[in-house]
Amino acid sequence: MSDYQESIGACGLHCFGSISASVSHELKNALAIINENAGLLEDLSFMAEKGLPLDPAKLKSIAANIGKQIQRADGIIRNMNRFAHSTDDTVKRIDLGETMALTVALSSRLAAMKCVTLIFKPPTQTIYVTTHLFYLENLIWLYIKEILERTDTEKEITLTLRAQQEGAAVIFSPVDVPVIDGRAIDLLRYLKATQSANSQHRELLIMLPVDMTAC
Amino acid sequence: MRVLLVDDEEQLVSTLAERLAFRGIQANWVTSSTAALELIETESFDLAILDVKMPKISGLELKKRLQVLRPAMRFIFLTGHGSEDDFNIGTAEAGKDFYLVKPVKIESLLEKMNEVMQQQGDGK
């Protein structure tokens, strides 16, 4: 196995591990909130047994809180499940907008830890590409991670997906410093993608071809 | 005992504060390390219960800063790690701190709170 193949393999493992850890932390938080609300119900029941009146509005509010966290956990698991299944096929024709939306969702906690909100602007029309799906998700995630690490003042990072003549462009903004991470360069090469910057508009662009698997 | 709860999950800290209040423990809660550092300027607490992973300033960093301002304050960490062992391995403070893995049983938390305050009584 070449150094280049080893690099993207290691990057894939790193990405999968980081996203899994982030997802498990988020699930733990949802479970912790459900746990506290269930405990509060127990506390209120215990006090009702002692003669304190139960407030129906309070009970409704607790039930709503539990329901909200169940929905949250379900969304997290659904995203993780879709991500895990991205390794099913080596090569696949995909809706790029859907993949971007998923990767942004999986990166939202990473951004929240930096007090940054990720905003995804989908294209006006569906863009289909043929790609190594898992590695494309790796690439987008790695760019988000690297951009977040270089950001100190931004509150929002916008990712815009735009159709191009020979494929699509993913535009990150505002970004001042281009991503020069070696793993990103290897992934770009593997996916036949290129990176460019527009310093005037504070944009970083990844150009993705329609077929990222062509020799 | 006055307790400060810090976690970026508002639902978690607000409900936990309510449950502690039922048990006669006064707990104030905030959802960021910055808010905790502001609150500590005007309020005193015996114990802080801190989430480990928080935006900008982590729980471990917050502890260091709070200790400078309130040297007598005691700390318990809440972690979203898989187990207490994972947390131990992942921190330089291994073995020195009290920590519980989310979700936490209230009985375990109360036990840990007594333990940490007892340690203070022993002059450790």
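Residues numbered from 1 in each chain as written. Chains lettered and ligands numbered in written order. Predicted model: local features only at pLDDT ≥ 70, side-chain atom pairs only at ≥ 80, totals over all residues.

*Asks:* Give me the lowdown on the overall build of chain A, citing residues and values where you can.
*Replies:* What chain A contains, in helices and strands, is 5 helices and 7 strands. Reading the helices (α) and strands (β) of chain A from amino to carboxyl end gives α-α-β-α-β-β-α-β-β-α-β-β. Taken over C-alpha atoms, the radius of gyration comes to 21 Å for chain A, far larger than the 17 Å a tight globule of 215 residues would show. In terms of overall dimensions, chain A has C-alpha extents of about 75 × 40 × 35 Å along its principal axes. Burial status across chain A gives 31% buried among its 215 residues. Contacts in chain A between residues far apart in sequence, at least 24 positions, make up 78% of those at least 6 positions apart. (Helix = DSSP H or I, 4+ residues; strand = E, 2+ residues; numbered from the N terminus. Rg over C-alpha atoms; globule rule 2.2 N^0.38 Å. Buried ≥ 20, exposed ≤ 12 C-beta atoms within 10 Å, placed from the backbone. Contact = placed C-beta atoms within 7 Å.)

*Asks:* Provide a residue-level description of the interface of chain A and chain B, including the pertinent values.
*Replies:* Across the boundary between the two partners, chain A contributes 18 residues, which contact 16 residues of chain B. The residue makeup of the side of chain A that touches chain B, split by class, is 7 nonpolar, 7 polar and 4 charged. (Nonpolar A, V, L, I, M, F, W, Y, C, P; charged D, E, K, R; others polar.)

*Asks:* Summarise the sheet that holds strand S4 (residues 156–164) of chain A; cite the residues concerned and give the values.
*Replies:* Residues and elements named next belong to chain A. Spatial strand order, S2-S4-S5-S7-S6: 5 strands in an open sheet with mixed pairing. In the strand order of this sheet, the two ends are held by strand S2 (117–121) and strand S6 (194–198), each with one partner. Averaged over neighbouring strand pairs, the angle between their axes works out to 20° when direction is ignored. As paired strands, S6 and strand S7 (residues 203–209) are joined by 5 bridges and run antiparallel to one another. Considered in S7, the bridge of Asn198 is made with Glu203. Contacts from helix H3 (residues 96–112) reach S2, S4 and strand S5 (167–173), with the element oriented near 175° to S2. (Pairing = 2+ DSSP bridges. Axes fitted to C-alpha atoms, helices over the stretch in contact; angles between N-to-C directions.)

*Asks:* Tell me about helix H1 (residues 3–49) of chain A, and please be specific about residues and values.
*Replies:* The terminal C-alpha atoms of H1(A) lie 68 Å apart, and with 47 residues this matches the ideal 69 Å at 1.5 Å per residue to within 8%. Gly51(A) lies just past H1(A) and shows a positive phi near 110°. (Expected span 1.5 Å × (residues − 1).)

*Asks:* Pulling in residues and values, what's your account of helix H3 (residues 59–69) of chain B?
*Replies:* Residues and elements named next belong to chain B. Residues of H3 that are buried include every one of Gly59, Leu62, Lys63 and Leu66, and no others. For H3, the angular spread of the buried residues around the axis is 105°, confining them to a single face. Seen from the open side of H3, the exposed residues pointing more than 90 degrees away from its buried face are Lys64 and Val68. Of the surrounding secondary structure, the elements contacted by the buried residues of H3 are strand S1 (2–6), helix H2 (33–39), strand S3 (47–51) and strand S4 (74–79). (Arc of directions from axis to C-beta.)

*Asks:* Please set out the sheet that holds strand S5 (residues 98–101) of chain B residue by residue, giving values where relevant.
*Replies:* Residues and elements named next belong to chain B. Judged by pairing direction, the sheet is parallel, and its 5 strands sit side by side in the order S2-S1-S3-S4-S5 without closing on themselves. Here the strands that pair on one side only, and so sit at the sheet edges, are strand S2 (26–30) and S5. With strand direction ignored, the average angle separating the axes of adjacent strands in the sheet is 20°. Pairing of S4 with S5, which is carried by 4 bridges, proceeds in the parallel orientation. Within S5, the position partnered with Leu78 by the bridge is Leu100. Sheet strands in contact with helix H1 (residues 10–22) are S1 and S2, and its direction is about 175° off that of S2. The strands that H3 touches are S1, S3 and S4; relative to S3, the one it contacts most, it runs at about 155°.

*Asks:* An account of the domain arrangement of chain A is needed here, citing residue identities and associated values.
*Replies:* All names here are of chain A. For chain A, the domain assignment lists domain 1 (3–85) and domain 2 (89–209). For domain 1 and domain 2, the distance between their C-alpha centres works out to 27 Å. Contacts between the two partners involve 12 residues from domain 1 and, on the opposite side, 16 residues from domain 2. Of all elements in the fold, only H1 and helix H2 (56–84) reach the threshold of two or more residues within the side of domain 1 that touches domain 2. Per-element accounting of the side of domain 1 that touches domain 2 gives the leading share, 9 residues, to H1. Considering only residue class, the side of domain 1 that touches domain 2 consists of 6 nonpolar, 4 polar and 2 charged. (Domains from an automatic or database assignment.)

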